[in-house]
Amino acid sequence: MTELSEILRAHAARYPQMSPCDAVKLLYQNEFGGGHIVANEQASLAYLLSEYESARFRKNAPSAEAIGNGYARLYLRPEQRPYAPLINRIFVLSSKRGGGEVARFEEKLALLRQLTAEGVFPFTGEELSDYLAGYQAAGYPPVSHSVGYRAAYSPAYRVIDARFVRLLPAAVRIRELLQQKPNAVICIEGRAASGKTTAAALLSELFDAQIVHMDDFFLPPALRTPERLQEDGGNVHYERFLEEVTNPLRQNRPFSYRIFDCGVMDYAGEAAIDPARPVIIEGAYSMHPYLGDACDLRIFSDVSPETQEARILRRNGEEMLRRFRTEWIPMEEQYFSTYAIRSSCDLILPE
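Since the model is a prediction, treat every value here as computed from it, not as a measurement.

A. Broad picture of the environment of alanine 152. Within the secondary structure, alanine 152 is located in helix α7 (residues 147–153). Judged by relative accessible area, alanine 152 falls into the partly exposed class, the value being 38%. A sequence separation of 136 residues divides alanine 152 from proline 16, and the C-alpha atoms of the two residues are 9.4 Å apart.

B. Representation of the sheet that holds strand β10 (residues 347–349) within the structure. A sheet is described by the order of its strands in space; here five strands give the open sequence β5-β8-β4-β9-β10, paired in parallel fashion. The sheet is open, and its two edges are formed by β5 (210–213) and β10, each paired on a single side. Recorded for the sheet is a direction-independent mean angle of 25 degrees between the axes of neighbouring strands. Where strand β9 (residues 297–301) meets β10, three bridges bridge the pair, whose relative direction is parallel. Each bridged residue has a counterpart across the sheet, and for serine 301 the counterpart in β10 is leucine 349. Along the sheet, helix α8 (residues 168–180) contacts β4 (185–190), β9 and β10; its crossing angle with β9, the most-contacted strand, is approximately 170 degrees.

C. View of unusual backbone geometry. Unusually for a residue other than glycine, alanine 193 sits at a positive phi of about 65 degrees. As for its position among the elements, alanine 193 is in the loop between β4 and α9 (196–207). Even without glycine at this site, aspartate 208 takes up a positive phi of about 55 degrees. In this structure, aspartate 208 sits in the loop between α9 and β5.

D. Examining the state of the cysteines more closely. Counted by the stated rule, this structure contains one disulfide. Two residues share a disulfide in this structure: cysteine 187 and cysteine 295, whose sulfurs sit 1.7 Å from each other. Looking along the S-S bond of the cysteine 187-cysteine 295 disulfide, the torsion reads about -55 degrees, which is the left-handed sense. Separated by 108 residues along the polypeptide, cysteine 187 in strand β4 and cysteine 295 in the loop between β8 (279–282) and β9 bring together distant segments of the chain. Note on accessibility: cysteine 187 and cysteine 295 belong to one class, buried. Free cysteine cysteine 345: the closest other cysteine sulfur is in cysteine 187, separated by 8.8 Å. Under the relative-accessibility criterion, cysteine 345 is labelled buried at 12%.

E. Looking closely at the environment of glutamate 101. Summarising the element assignment, glutamate 101 is placed in the loop between α4 (84–95) and α5 (102–117). If we ignore the near neighbours within four places in the chain, the residues touching glutamate 101 are Glu31 and Phe32.

F. Seen up close, the pairing of β8. With burial as the criterion, each face of β8 is covered, one bearing Val279 and Ile281 and the other bearing Ile280 and Glu282. Here β4 pairs with β8 via four bridges, running parallel. Counted as the bridge partner of isoleucine 188 is glutamate 282 from β8. Two strands pair when backbone bridges link them, and β5 and β8 are joined in this way by four bridges, in the parallel orientation. Within β8, the residue paired with valine 212 across the bridge is isoleucine 281.

G. Seen up close, the pattern of salt bridges. One pass over the full model with this rule turns up 20 salt bridges. Among the salt bridges present, the one from arginine 81 reaches glutamate 53, with a minimum N-O distance of 2.7 Å. Residue arginine 81 is located in the loop between β2 (71–75) and α4, and its partner glutamate 53 is located in helix α3 (residues 41–54); the two are separated by 28 residues in the primary sequence. Among the ionic pairs, glutamate 318 bridges to arginine 322, the shortest N-O distance being 4.0 Å. Separated by four residues within a single helix, glutamate 318 and arginine 322 lie in helix α13 (residues 318–338), roughly one turn from each other. On the accessibility criterion, arginine 322 (44% relative accessible area) is partly exposed. Among the charged side chains, a salt-bridge network with shared partners connects Glu31, Glu101, Arg104 and Lys108.

H. Structural context of the packing of α3 against α4. Where α3 contacts α4, the two axes come as close as 9 Å, and the packing angle between them is 125 degrees. Here α3 lies oblique to α4, going by the angle between them. Handedness of the crossing formed by α3 with α4: right-handed. Along the contact surface, α3 presents Glu41, Ser44, Leu45, Leu48, Leu49 and Tyr52, while α4 presents Ala84, Pro85, Ile87, Asn88, Arg89, Phe91 and Val92.

I. Region of the structure containing the nonpolar core. Core analysis: the largest hydrophobic core is formed by 35 residues, its most contacted members being Ile174, Ile186, Ile188, Leu203, Leu206, Phe207 and Ile299. When contributions to this core are tallied by element, the ones reaching two or more residues are α3, α4, α8, β4, α9, β9 and β10. In terms of nonpolar packing, the next biggest core, distinct from the first, is built from 34 residues, Ala23, Phe32, Tyr75 and Leu132 among them.

J. Inspection of α8 at higher detail. Between its first and last C-alpha atoms α8 spans 19 Å; for 13 residues at 1.5 Å apiece the expected length is 18 Å, and the two agree. Looking only at α8, the buried set comprises Leu168, Ala170, Ala171, Ile174, Arg175, Leu177 and Leu178. In this fold, the buried residues of α8 make contact with β2, α4, β4, α9, β9 and β10.

K. The side chain of arginine 73, seen in detail. Looking at the element boundaries, arginine 73 is found in strand β2. Despite its burial, arginine 73 pairs with no opposite charge, the nearest such side chain being glutamate 65 at 4.2 Å.

What counts as what
One numbering rule holds for all chains: residues counted from 1, following each sequence as written. Local features in this predicted model are restricted to residues of pLDDT 70 or higher, and side-chain atom pairs are both shown and tallied only at a pLDDT of 80 or more, whereas totals for entire chains, interfaces and linings draw on every residue. Hydrogens and waters are ignored; side-chain quantities use all the structure's heavy atoms. Helical segments are the DSSP runs of H or I of at least four residues, strand segments are the runs of E of at least two, and each set is numbered from the N terminus. Think of it in three bands: residues with accessible area under 20% of the maximum for their type are buried, residues over 50% are exposed, and the middle band is partly exposed, with areas taken using a 1.4 Å probe on protein chains only. Strands are treated as partners if at least two bridges between them are detected by DSSP. Whenever a helix is involved, its axis is fitted only over the stretch in contact; in every case the axis is a line through C-alpha atoms, and angles between N-to-C directions fall within 0 to 180 degrees. Only heavy atoms matter for contacts: two residues are in contact if any of them lie within 4.5 Å across the pair. Sulfur atoms of two cysteines make up a disulfide when they are within 2.5 Å. The term salt bridge refers to a pairing of a side-chain nitrogen on Lys or Arg with a carboxyl oxygen on Asp or Glu at a separation within 4 Å. An angle below 35 degrees is treated as roughly parallel, one above 145 as roughly antiparallel, one from 65 to 115 as roughly perpendicular, and anything else as oblique. Crossing handedness: left-handed means the near helix sits turned counterclockwise from the far one by under a right angle, and right-handed means the same turn made clockwise. In plain words, nonpolar cores are sets of buried Ala, Val, Leu, Ile, Met, Phe, Trp, Tyr and Cys residues tied together by side-chain atoms within 4.5 Å. Here the expected length of a helix is defined as 1.5 Å per residue gap, with one fewer gap than residues. The charge count includes Lys and Arg as positive and Asp and Glu as negative, but it does not include His or the ends of the chains.

The following block contains the structure:
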């Protein structure tokens, strides 16, 4: 629980007016997220709008604050009000993540007791024990902030899936774009292990968009010649992508494209695309000049070399990391450089 211990210590230092219930609320959100699945999205939006009207916004509040276990507190700001439906939608989707177990929550409460005994928090161990006795007897319900915490920090936030935090500027841009063009095409290019696929999945859920994966256009063995692999951006079947995806998108007609499965080195099924709905094209080489420009919004997903290697190692293992280092990453970087991919994008997703 090293991460959680660090988060608790950071909150204790940042919010010295914390009471036992405020620390327990933090742990509750860390384990259970927003606390429950939102049953009525419209009622949730109405409550959010009323909060924008009545809340006292803390001027020095961060835009978002990690609370661990993949969750974050997204702080409300007056200038966000036009995007309240978007923020509410993110909150609703985050609440559906579900999960959370009482046994793990109790382990986290034990950590809270330990840190309190060490003097990390402004309240005593006895005060915490008194609070937890009643709280446990009540069955560990959701918790409200204390009066003192509210007076000192004016907490106005929504607990969301932390993966949405880096996507917020992109989500705002996409929302504005879709208001003008409901079937817009969004391209997400970027470095290996930068989170392109995750970003596409989250944005797809947020905007009911279809996804075209560049991995489905793996270069077949017959085309993997030394000459082809020496091309900048040659490590993708761009001819087939142009024929099966770009041209139909430009013609605004329904289409299907073949899915290449590199596990069996052959085609395996098809994916159908409805031209009336948004499309997200994700993956390396999705902005190859040969493909033409069917994108209405170009997004680059970035990552530092250190984080990139750590993610690849965790995801693929040491042997594959060596291949990424010696083959695929150099090919991608050469392609990015040759065609100025990053600088040509409308928006950069930070690490």
